[in-house]
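Summary of structural features
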Amino acid sequence: MNIILLGYPGSGKGTQAEALSAELSMEHISTGDLFREEITKGTPLGLRVSEYLAGGKLVDDKTVLEVISSKLEKPEIQEKSKEGEKSEKEEKFVNGFLFDGFPRTVEQAEALDSLLSSKKMELDAVIFLNVDEADVVERISSRRVCPKCSKVYNVISSPPQKENICDACGGELLFREDDKPAVIEKRMMVYKDLTEPLISYYHANGVFYEIQARGDATAITENIISLIKAEISKS
Ligand code: AMP
């Protein structure tokens, strides 16, 4: 099963992807996390993309697609598509990919379609996390992330046990540079111009589902899992 989570910056894609990938044994692919890791490590890719992230602009499609196709080429990922063999890696990735923050343009969506079909894979669902713009702006202002393991916290609704310290790995939590108000404004504009058209794109493809994503994160995860069990897995 391959699923895309779609929604505004701050709509909870990262939090939901983390919970769902653990619950459903899916491989979580977050292009934002991948870019941030490259930036932290100071790799050539990180240096190339850091200005885009800092300014709230989208990284060019070519770079994004290179990153995605190399992710899908990883030997352990390919292994999952082999029928009839049971290895540990296969167990881990057996339920496919959960894309978070990708695709973000119609061009990326078209390229993903070709990439999946070249690998004889299908896209099963695009789940749109529907929240009001005002809510996400508020949510983003209380978001903190762990730079070491990418776990996301909200200092009001899901704070870490120890202030500013990641429960999972002990890393010191940060406020994302691109969550600052000026950059958020730009990211919202970019979302409306370039990413929102994906709603009609996937409507037309017959794989679009919508979830009300306001409120308690655990309840939202449960709603998504029920949707997957009731609708998507039977289609
Ligand atoms: P995110 O963590 O998904 O909010 O992404 C943070 C930033 O990474 C975005 O504002 C973009 O600069 C970049 N980025 C992440 N995913 C993509 C993508 N699919 N296409 C272009 N840029 C991306």
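This text follows the structure it describes.
My aim in this report is to walk through the structure given alongside it, one point at a time. None of these values were measured; they are calculated from a predicted model.

Where helix α4 (residues 61-73) contacts helix α7 (residues 106-118), the axes come no closer than 11 Å and their chain directions differ by 25 degrees. Classified by the angle their axes make, α4 and α7 are roughly parallel. As α4 runs across α7, the sense of the crossing is right-handed. Together, D61, V64, L65, I68, S69 and L72 of α4 and E107, Q108, A111 and L115 of α7 make up the contact between the two elements. Of the residues assigned to the contact of α4 with α7, the class counts are 6 nonpolar, 2 polar and 2 charged.

Turning next to the pairing of strand β3 (residues 97-100). The side-chain alternation of β3 yields two buried faces, one formed by F97 and F99 and the other by L98 and D100. Across 3 bridges, the pairing between strand β1 (residues 3-6) and β3 is parallel. Note that in β3 the partner of L5 across the bridge is D100. In this sheet, β3 lies alongside strand β2 (residues 27-30) in parallel orientation, the contact comprising 4 bridges. Bridge pairing in β3 places S30 opposite D100.

Here we come to the sheet that holds β1. Strands in a sheet are paired, the pairing made by backbone hydrogen bonds, and the direction either parallel or antiparallel. With respect to topology, 5 strands assemble into an open sheet ordered β2-β3-β1-β4-β7, the strand pairing being parallel. Where the open sheet ends on each side, the last strands, each with one partner, are β2 and β7 (208-212). Neighbour to neighbour, the strand axes of the sheet diverge by 20 degrees on average, direction disregarded. Strand contacts of α4: β2 and β3, with the helix running at about 165 degrees to β2, the strand carrying the most contacts.

Turning our eyes to something else, we now look at the site of the ligand. With respect to spatial proximity, 17 residues lie near the ligand, and among them T31, R36, K57, G101 and R104 are the closest. At a separation of 2.8 Å, a nitrogen atom of the ligand approaches a polar side-chain atom of T31. The backbone of K57 places a nitrogen or oxygen atom 2.6 Å from an oxygen atom of the ligand. With the chains in place, 96% of the 490 Å² that the ligand exposes on its own is no longer accessible. If you list the elements that add at least two residues to the shell around the ligand, you get α2 (31-41) and α3 (44-55). With 4 residues, the top contributor of residues to the shell around the ligand is α2. Its residues placed into classes, the shell around the ligand shows 7 nonpolar, 4 polar and 6 charged.

About the cut-offs
- Residues numbered from 1 in each chain as written.
- Predicted model: local features only at pLDDT ≥ 70, side-chain atom pairs only at ≥ 80, totals over all residues.
- Heavy atoms only, no water.
- Axes fitted to C-alpha atoms, helices over the stretch in contact; angles between N-to-C directions.
- Helix = DSSP H or I, 4+ residues; strand = E, 2+ residues; numbered from the N terminus.
- Parallel < 35°, antiparallel > 145°, perpendicular 65-115°, else oblique.
- Left-handed = near helix turned anticlockwise from the far one by under 90°.
- Contact = heavy atoms within 4.5 Å.
- Nonpolar A, V, L, I, M, F, W, Y, C, P; charged D, E, K, R; others polar.
- Buried < 20%, exposed > 50% of the residue type's maximum accessible area, 1.4 Å probe, protein only.
- Pairing = 2+ DSSP bridges.
- Near = heavy atom within 4 Å.
- Polar contact = N/O pair within 3.5 Å; in protein donor to acceptor, adjacent residues only side chain to side chain.
- Areas by Shrake-Rupley, 256 points an atom, 1.4 Å probe, with all protein chains shown as cover.

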